[in-house]
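Read off the chains here:
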Amino acid sequence: MGKLPIVAIVGRPNVGKSALFNRLVRQRVAIVHDQPGVTRDRLSADCEIDSVRFTLVDTGGIGSAIDASFDEQVRAIDRLLARELRSTKKPIIVVANKIDHPNQTDHETEFTELGFAEVVPVSAAHGRGMTELAERIAAHLPDEASDSAPPSPILKLAIVGRPNVGKSSLINAILQHRQTIVSDIAGTTRDAIDIPYQRDGKQFILIDTAGIRSRGKQSSSVEVFSVMRSQKSIERADVCALVIDAVDGVTAQDKKIAGLIQENEKPCLVVVNKLDLVKPSTRARDFFDAILGQIRSNLFFLDYAPIDVLSAHTGENLDRLFQSIERIEKHAQRTLGTGQLNRLLQQALEAHPPPARGNRRLKIMYATQIDFKQADSIHPPTFLLFVNDPQTLTDDYRRYLEGKIREQLGYYGLPILFRLRSRH
Ligand code: GDP
């Protein structure tokens, strides 16, 4: 048997690591005792769960010098550990042990505070949650059958826009070099057609919202339905490409679809199509500046979205669309450490104090970024803020904080999300 992947149980003393270890290896090899620090040395055993094999390691007492009766110390050590672990960039599952009753969920905040997306409640003593935990572990382990690196996640790209902006033409232009189109179509819903597509080894699903056409002649009701239809495609997309007609500029209907993208908090880029119809033969630079300015000011609420001007007909700048997507994907991987984030926010608060709302003013006690690195799709950067009162954050101030984070990390094409929790 080759070297097995290693799963380490990490945590401060007395959280039940040994009990968990025993449960998972299904043998009583470690000594479980109520005194912290009983497990002196690393203990390891090979396990098999649902035919996935790994070596389980109990790391013993990290931080045994702390006094568990001091809540603050305990929290601090958990946070330090969380930070340390996160910096390893390894898959992390937060196991909330001693959840002995199914309705004991009031600690949820405490765990999300550590900034991990994945929390599994278990009771090692009662064996509760073990199947769930085993599944989560298995999901992170490499498949033994294939020792190659896991394929990068499939990116679902929704091509949205009002009728006649050139969505079908754009999809045809993208698919141009493929031999078969029709036979590859994976799923058809009433709202869109999903088209698998591969480019430079990267897998995509193009969600073609233009694919299903109304048989009647184009009318204003077709326009209205097209907005409604977009909703579902936007919801399930990783990235939305909002297609706009360069000749018409931004119309009210375009704004409605843009609004849906914003409401759904989706990564987005704006594609200005039909460049061939508007591009002047001279002074192209001025022309681009003008067109970008016009689109920016009309779609100011999608200010995070990059704009690519291209032609589906001539194929000009089509590559840029995929360069932008790649960049969005890269930026989605960027994170701020908790220390860095808290410093950045405190500095922002000092440089430009929040306005008073009634007799209260925003205070940020603590902030942390939710870790989506292990997730199988693009997630917008999401920050959990513990504040005195969520009502005190005004829209303007939210945008200001967003801007400060963007200065630091860019987050090209990504909305920056804040989730507020009241201190109480
Ligand atoms: P959809 O309803 O958004 O899917 O739009 P279509 O792809 O059906 O395009 C609408 C019209 O615009 C058609 O007549 C296309 O030939 C035309 N069109 C689409 N893209 C371009 C382009 O890049 N340049 C020009 N000149 N015409 C385009």
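Quick note: structure is the one above.
My aim in this report is to walk through the structure given alongside it, one point at a time. Each chain carries its own residue numbering, running from 1 in the direction its sequence is written. Per-residue local features of the predicted model are confined to residues with pLDDT of at least 70, and side-chain atom pairs are confined, for both listing and counting, to 80 or more; whole-chain, interface and lining totals are unaffected and use all residues. Side-chain metrics rest on all non-hydrogen atoms present in the structure, leaving aside hydrogens and water.

Here a strand is any run of E in DSSP of at least two residues, a helix any run of H or I of at least four, and the numbering for each starts at the N terminus. The number of helices and strands found in the protein chain is 12 helices and 17 strands. Relative to its full complement of 424 residues, the protein chain shows a buried share of 45%. The contact criterion used is simple: two residues touch if any of their non-hydrogen atoms lie within 4.5 Å. Taking the contacts inside the protein chain whose residues are at least 6 apart along the sequence as the reference set, 70% of them involve residues at least 24 apart. Here the protein chain has roughly 22,700 Å² of accessible surface; of this, 49% comes from carbon and sulfur atoms. For every residue, the accessible area (1.4 Å probe, protein chains only) is compared with the maximum for its type, and the residue is labelled buried under 20%, exposed over 50%, or partly exposed between those bounds. All accessible-area figures derive from a Shrake-Rupley calculation using a 1.4 Å probe, and residue coverage is judged against the displayed protein chains alone.

What follows is about helix H7 (residues 252-263). With 12 residues, H7 ought to run about 16 Å at 1.5 Å a step, and its terminal C-alpha atoms sit 16 Å apart, in line with that. Burial in H7 covers these residues: Gln-253, Asp-254, Ile-257, Ala-258, Gly-259, Leu-260 and Ile-261. At the C-terminal side of H7, Glu-265 shows a positive phi close to 55°. Multiplying 1.5 Å by the helix residue count minus one yields the expected span of that helix.

Our next topic: the side chain of Asn-264. Looking at the element boundaries, Asn-264 is found in the loop between H7 and strand S11 (268-273). Among the polar contacts listed, one links the side chain of Asn-264 to the backbone oxygen of Leu-260, at a separation of 2.8 Å. Setting aside anything within four residues of it in sequence, one finds Asn-264 in contact with Gln-231, Ile-234 and Glu-235. Two N or O atoms count as a polar contact when they lie within 3.5 Å, although within protein this holds only if one can serve as hydrogen donor and the other as acceptor, and sequence-adjacent residues are included solely when both atoms are side-chain atoms.

Here we take up the side chain of Asp-194. Tracing the chain through its elements places Asp-194 in strand S8 (residues 193-199). Accessibility expressed as a relative area gives 14% for Asp-194, which makes it buried. Within polar-contact distance, the side chain of Asp-194 engages the side chain of Arg-236 at 2.8 Å.

Bringing the sheet that holds strand S16 (residues 382-387) into the picture now. Should DSSP find at least two bridges between two strands, the strands are regarded as paired. Sheet architecture is open: three strands sit in the order S15-S16-S17, paired in mixed fashion. Both edges of this open sheet fall to strand S15 (364-369) and strand S17 (417-422), since each of them pairs with a single strand only. For this sheet the average axis-to-axis angle between neighbouring strands, irrespective of direction, equals 20°. Relative to S16, S15 runs antiparallel, the two being bridged by five bridges. Each residue of the ladder has a partner; that of Thr-368, found in S16, is Leu-384. Sheet strands in contact with helix H11 (residues 338-351) are S15 and S16, and its direction is about 135° off that of S15. Every angle, taken between N-to-C directions, lies between 0 and 180 degrees, and every axis is a line fitted to C-alpha atoms, over only the stretch in contact when it is a helix. Sitting on the sheet, helix H12 (residues 395-409) is in contact with S15, S16 and S17, with an inclination near 120° to S17.

What follows deals with the packing of aromatic side chains. When we look at a pair of aromatic rings, we describe it by the centre distance and by the angle of the planes. Working definition: a ring pair exists when centres of Phe, Tyr or Trp rings (six-membered ring for Trp) sit within 6.5 Å. Plane angles under 30 degrees give stacked, over 60 give edge-to-face, the rest tilted. In this structure the tally under the stated criterion is eight aromatic pairs. Ring plane angle 35° and centroid distance 6.0 Å describe the contact between Tyr-197 and Phe-204, whose orientation is recorded as tilted. Exposure class is identical for Tyr-197 and Phe-204. Each is buried. The interplanar angle of 50° and the centroid separation of 5.9 Å between the aromatic rings of Tyr-197 and Phe-322 together place this pair among those described as tilted. Of the two residues, Tyr-197 is situated in strand S8 and Phe-322 in helix H10 (residues 318-332); the sequence distance between them amounts to 125 residues. For Phe-322, a relative accessible area of 8% puts it in the buried group. One aromatic cluster is present, formed by Tyr-197, Phe-204 and Phe-322 through successive ring pairs. The rule is short: NZ of Lys or CZ of Arg within 6 Å of the ring centre and within 35 degrees of the ring normal puts a charge over the ring. Stacked on the ring of Phe-204, the Lys or Arg Lys-202 has its end atom at 5.9 Å from the ring centre. Across the ring face of Tyr-412, the terminal group of Arg-327 is positioned such that the distance to the ring centre comes to 3.6 Å.

One heavy atom within 4 Å of a molecule or strand is enough for the residue carrying it to be called near that molecule or strand. In the neighbourhood of the ligand, 17 residues make up the surrounding shell, with Asn-164, Lys-167, Ser-168, Ser-169 and Asp-276 lying closest. Between the ligand and the protein, one listed contact pairs an oxygen atom with a backbone N or O atom of Gly-166 at 3.0 Å. For the ligand, an oxygen atom lies 3.1 Å from a polar atom in the side chain of Lys-274. The protein chains hide 78% of the 580 Å² of surface that the ligand would expose on its own. Broken down by secondary-structure element, the contributors of at least two residues to the shell around the ligand are helix H5 (167-175) and helix H8 (275-278).

Time to look at H11. Across its 14 residues, H11 extends 20 Å between first and last C-alpha, which sits within 8% of the 20 Å expected from 1.5 Å per residue. Those residues of H11 that fall on the buried side of the exposure criterion are Thr-338, Leu-341, Asn-342, Leu-344, Leu-345, Ala-348 and Leu-349. Buried residues of H11 fall within an arc of 160° about the axis and therefore sit on the same side. Facing away from the buried side of H11, by more than 90 degrees, are the exposed residues Arg-343, Gln-347, Glu-350 and Ala-351. This arc describes the spread of directions from the helix axis toward the C-beta atoms.

It is worth spelling out unusual backbone geometry at this point. Positive phi values are uncommon outside glycine, yet Lys-274 reaches one of about 75°. Mapped onto the elements, Lys-274 comes out in the loop between S11 and H8. For Asn-317, which is not glycine, the phi dihedral falls at a positive 70°. Tracing the backbone through its elements, the reader meets Asn-317 in the loop between strand S12 (307-309) and H10.

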